[in-house]
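# An overview of the molecular structure
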Amino acid sequence: HQFEIEKIENLDKLCRHLKILYLQNNIIDKLENMKRLKELEYVNLALNNISVIENLEGCESLYKLDLTVNFVDVEDLKVSAENLAKCPAIKDLYLTGNPCAKWDHCRDYIAAKVPQLEQFDGKEITHTERIQATQILPQMEAELAKLATESLAKKETNKDKEVTDGAFTKESRVKMYKEIADEREEKERNQNKTSVFDEMNQKPTRNTSVYKEDGTIRMCNEGKYKFFLDEEHPEYTIYEMMTPKFMDTSSIDVDINPKYVRISVKDKITQIRLNEEVIAEKSEIKRATTSGLLWMKMPKVEVIDKPWYWANRKKEQEQEESKKPKTLNKNQSSSLTQAVDIHNIVDEKKNLKTKKITVKDEEGQIKEEVTDSMPKQEKTLEELKEIVDHDLDDLPDLD
């Protein structure tokens, strides 16, 4: 709707199974090319330039017709009602805003002329109302014929007069819609000019493609993130990259391909070319929640035997083992659990010797006696021998 459509065409050829048709707010002046639309149920032609209801005999399923604010006048009301009566399924009709609606008996006339109609301008037609309308139908037809003659004479008189602004006529509506269409086209042209200048002044977009112009895989690190690539392992390729630790993982997109790894961190691309092809679907991806480290383990397509790698790895493990603190073996630990020999434990008091010390004042009187305990000193074998020899010398001769 609202495309300044002037004619209904090609629907009977291209849309044979059409059920609902919206063509409101255009400048269509005739109902045509709709006879073959047997499945059509609802037609909305409000705000158009239609004067006569016609060419709907073949619309067997049509039950609702909206002609609000069109130009169905009293001189065309009789033929319009007779044509509408030929639609067996019609139940609902809208003629609000048409010139014929100014006639006081318009509703009664339609109710009498179209017996299958159940609702007119949104209001139900009762059985009593239809009976009364049928009874006065001859009088209404006579009155309608008189009004039609007067309307035609008036239009013939005003035919050559200039249409004033704001007048409700077909010509004024066409003029108004043409002006709206011209304004829309002018606006679109201005928008196109603006878009051309915007494209000229637009900054060049950054290259986000996977390959360079020569066909090789592009290497980039737009986010300046620290990363580590390890391809020395015979079976796996390890890739690590430090990402902001407080960033949500949903902002990171990882794309592992057989020959490259592409990581997008908030639209900043990091792309690394792999020297050895990997199996993307069997790769592992993990991210540390505390540090933000992104870790990938990618199995290689071809496992290459690298003896030097295992030799270096064994040497590194040996160096790591040598740096660890030594632990006691089973035999050493069992010796610590043996029973303790208590026979060599000597009471400390038995090895002490006492010595009495007398303290006198200036007048020679005994002031205090102190007993001092001193540890006994064990004598050596030589000291014991000298003591024995000395004692033997002191013995009297028995001669």
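Quick note: structure is the one above.
Quick look at the structure, then. (Residues numbered from 1 in each chain as written. Predicted model: local features only at pLDDT ≥ 70, side-chain atom pairs only at ≥ 80, totals over all residues. Heavy atoms only, no water.)

## Remarks on the environment of leucine 293
For clarity, the threshold we go by: Runs of E in the DSSP output that reach at least two residues are strands. Runs of H or I that reach at least four are helices, and both are numbered from the N terminus. Using a 1.4 Å probe on the protein chains alone, a residue whose accessible area is under 20% of its type maximum counts as buried, one over 50% counts as exposed, and one in between counts as partly exposed. Contact between two residues is taken to exist if any of their heavy atoms lie within 4.5 Å; hydrogens are not considered.
Structurally, the position occupied by leucine 293 is in strand E14 (residues 293-299). Note on leucine 293: relative accessible area 24%, which makes it partly exposed. Taking the C-alpha atoms as reference points, leucine 293 and proline 244, separated by 49 residues in sequence, lie 8.3 Å from one another. Those residues in contact with leucine 293, other than ones at most four positions away along the chain, are Glu240, Met241, Met242, Lys286, Arg287 and Ala288.

## Here's the deal with the side chain of glutamine 116
With respect to the secondary-structure elements, glutamine 116 resides in the loop between helix H3 (106-113) and strand E5 (119-120). Its relative accessible area of 18% is what places glutamine 116 among the buried residues. If sequence neighbours within four positions are ignored, glutamine 116 has contacts with Leu84, Ala85, Cys87, Pro88, Ile90 and Lys91.

## Focus: the nonpolar core
Generally speaking, soluble globular proteins have nonpolar side chains that are buried together. Here is the rule: We define the nonpolar core as a collection of buried residues of types Ala, Val, Leu, Ile, Met, Phe, Trp, Tyr and Cys that are connected through side-chain atoms lying within 4.5 Å of one another.
Residues Met34, Leu45, Ile53, Leu56, Leu65 and Leu93 are the most contacted members of the largest nonpolar core, which totals 42 residues. When residues of this core are assigned to their parent elements, the largest contribution, five residues, is made by H3. With residues up to four places along the chain from it excluded, the contact list for leucine 93 reads Ile53, Leu65, Leu84, Ile110, Leu117, Gln119, Phe120 and Asp121. If you look at the next biggest cluster of nonpolar residues, it comprises 15 residues, including Val261, Ile263, Leu274 and Met298.

## Observations regarding the side chain of arginine 130
Rule in force here: This count recognises Lys and Arg as positive and Asp and Glu as negative, with His and chain-terminal groups excluded. Throughout this description, the term salt bridge denotes a Lys or Arg side-chain nitrogen within 4 Å of a carboxyl oxygen of Asp or Glu. Throughout this description, a polar contact denotes any pair of N or O atoms lying within 3.5 Å of each other; where both atoms belong to protein, one of them has to be capable of donating a hydrogen while the other can accept it, and for residues adjacent in sequence the pair is counted only when both atoms sit in side chains.
Relative to the elements of secondary structure, arginine 130 occurs in helix H4 (residues 127-135). Despite its burial, arginine 130 pairs with no opposite charge; the closest candidate is glutamate 118, at 7.7 Å N-O. Within polar-contact distance, the side chain of arginine 130 engages the backbone oxygen of leucine 117 at 2.3 Å. Here arginine 130 is in contact with Ala111, Val114, Pro115, Leu117 and Ile125, once residues within four sequence places are set aside.

## Focus: the sheet that holds strand E9 (residues 236-242)
Let me state the cut-off plainly: Two strands are counted as paired when DSSP detects at least two bridges linking them. For helices, the axis comes from a line fit to the C-alpha atoms of the stretch in contact; other axes are also lines fit to C-alpha atoms, and the angle between any two N-to-C directions lies between 0 and 180 degrees.
Strand order in the open sheet formed by four strands is E8-E9-E14-E13, and the pairing between neighbours is antiparallel. Each edge of the open sheet carries a strand with a single partner, namely strand E8 (227-230) and strand E13 (284-287). Each strand axis lies, on average, 10 degrees off the axis of its neighbour in the sheet, ignoring direction. Across four bridges, the pairing between E8 and E9 is antiparallel. Looking at E9, one finds that aspartate 230 is bridged to isoleucine 238.

## Things to note about the pairing of E14
Sheet topology note: the E9/E14 ladder contains seven bridges and is antiparallel. Within the sheet, the bridge partner assigned to isoleucine 238 lies in E14 and is lysine 297. Pairing analysis gives four bridges linking E13 to E14, with the strands arranged antiparallel. Bridge pairing links lysine 286 to tryptophan 295 in E14. The antiparallel pairing of E13 with E14 creates a hairpin that spans five residues between the two strands, and glycine 292 there sits at a positive phi of about 85 degrees.

## A word on the sheet that holds strand E12 (residues 268-273)
Ordered by their spatial adjacency, four strands build an open sheet running E7-E12-E11-E10, and the pairing between neighbours is antiparallel. Edge strands, defined here as strands with exactly one partner in the open sheet, are strand E7 (220-221) and strand E10 (252-256). Relative to E12, E7 runs antiparallel, the two being bridged by two bridges. Within E12, the position partnered with asparagine 221 by the bridge is threonine 270.

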